[in-house]
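Descriptive analysis of the structure
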Amino acid sequence: MRIVHLFLLLVVTAIVIHGCAFSRGTLGDDIKTEVIDSIKKGVTTKSEVLTLLGAPDRVLPLNGRDVYQYYRYDGKVGSLLLIVVNFSRVSIKGDDLFVMLNQNGIVEDVISSKRTENLEFRFWPFGD
């Protein structure tokens, strides 16, 4: 009889006990605004871009030109763990930089976005 009570107590405890978990991950290197601002259209060369930013994360050929893509993605996950049912909320934002080089290896265009600065942990899995 005592084993039955102990078993029931363990089952109820396992159902009632819950927890929270928070995780964060980053892919790619930080893209500094000062470095982006130092790249000048029609002036900066391919070798200067490589010196400033390092090897691109991706090289895209586009009509005889090369487009260097640099990126950084930041993700955060908040989870509510209820043993039987678990809820998670994933937030991902990215910074992207595209540097278009002409056939002579001179920067033709620079396109950038920075969205990772205000990425928050969002714990509640429903709604905004």
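Here we summarise the structure given alongside this text. (Residues numbered from 1 in each chain as written. Predicted model: local features only at pLDDT ≥ 70, side-chain atom pairs only at ≥ 80, totals over all residues. Heavy atoms only, no water.)

A short note on the overall build of the protein chain
Worth spelling out the cut-off: Counting from the N terminus, the helices are DSSP H or I runs at least four residues long and the strands are E runs at least two residues long. In this scheme, a residue with accessible area under 20% of its type's maximum is buried, one over 50% is exposed, and one in between is partly exposed, where area comes from a 1.4 Å probe on protein chains only. Contacts between residues were defined by any pair of non-hydrogen atoms, one from each residue, lying within 4.5 Å. The Shrake-Rupley method, run with a 1.4 Å probe, gives the accessible areas here. Residue values count only the displayed protein chains as cover.
Check the secondary structure of the protein chain and you find three helices and five strands. When the helices and strands of the protein chain are read in sequence order from the N terminus, they spell out α-β-α-α-β-β-β-β. With 128 residues in all, the protein chain has 26% of them scored as buried. Residue pairs in contact within the protein chain that sit at least 24 positions apart in sequence constitute 61% of those at least 6 positions apart. Carbon and sulfur atoms provide 60% of the accessible area of the protein chain, an area that totals close to 8,800 Å².

Some points on a nonpolar patch on the surface
The line we're drawing: Excluding any residue in a salt bridge, patches collect residues exceeding 30% relative accessible area, merging like charges within 9 Å and nonpolar Val, Leu, Ile, Met, Phe, Trp and Tyr side chains within 5 Å. Whenever a carboxyl oxygen of Asp or Glu lies within 4 Å of a side-chain nitrogen of Lys or Arg, that contact is scored as a salt bridge.
There is a patch of nonpolar side chains on the surface, built from V4, F7, L8 and V11 and spanning about 360 Å² of accessible area. Mapped onto the elements, L8 comes out in helix α1 (residues 2-16).

Looking at unusual backbone geometry
For N63, which is not a glycine, the phi torsion comes out positive at approximately 50°. Position of N63 relative to the elements: it lies in the loop between β2 (58-62) and β3 (65-82).

Focus: the nonpolar core
Counted only if it meets this: Residues belong to one nonpolar core when they are buried, are Ala, Val, Leu, Ile, Met, Phe, Trp, Tyr or Cys, and are joined through side-chain atoms within 4.5 Å.
In terms of nonpolar packing, the biggest core is built from 11 residues, these being I31, I36, I39, V49, Y68, Y70, L97, V99, L101, V107 and V110. Elements that contribute at least two residues to this core include exactly β3, β4 (85-101) and β5 (107-114). The element that contributes the greatest number of residues to this core is β4, accounting for three residues. Those residues in contact with L101 that sit more than four places away from it in its chain are K46, R65, D66, Y68, I106, V107 and E108.

What about the pairing of β2?
Defined as follows: Criterion used throughout: strands pair if DSSP finds at least two bridges between them.
Two elements, β2 and β3, share five bridges in a ladder whose sense is antiparallel. Bridge pairing in β3 places L60 opposite V67.

Notes on the side chain of Q69
By the element assignment, Q69 lies in strand β3. Accessibility expressed as a relative area gives 6% for Q69, which makes it buried.

Thoughts on the layout of surface pockets
Picture a little ball the size of a water molecule; that probe, rolled over the atoms, points out where space is still empty. What counts is decided by this rule: Throughout, the protein atoms alone are placed on a 1 Å grid, and a set of points is a cavity if a 1.4 Å probe fits but cannot get out or a pocket if it is open with protein on both sides within 12 Å along at least five of seven lines; lining residues have an atom within 4 Å of a point. Grid points are joined across faces, edges and corners, and a volume is the space filled by probe spheres set on the points. For this classification, Asp, Glu, Lys and Arg are treated as charged, while Ala, Val, Leu, Ile, Met, Phe, Trp, Tyr, Cys and Pro are nonpolar and the rest, including Gly, are polar.
Computed from the structure, the largest pocket encloses a volume of approximately 180 Å³. In terms of lining residues, the largest pocket is bounded by D29, D30, I31, K32, V35, L52, L53, A55, D57, Y70 and Y71. For the lining of the largest pocket, the elements supplying multiple residues, two or more each, are α3 (46-53) and β3. Residue composition of the lining of the largest pocket, grouped by class: seven nonpolar, no polar and four charged.

Examining the packing of aromatic side chains
Going by this rule: Only Phe, Tyr and Trp rings take part, Trp by its six-membered ring, and two of them pair if their centres are within 6.5 Å. Stacked means planes under 30 degrees apart, edge-to-face means over 60, and tilted covers everything else.
Summed over all chains, the structure comprises one aromatic pair. Residues Y71 and Y73 carry aromatic rings whose centres are separated by 5.2 Å and whose planes lie at 40° to one another, so their mutual orientation is tilted.

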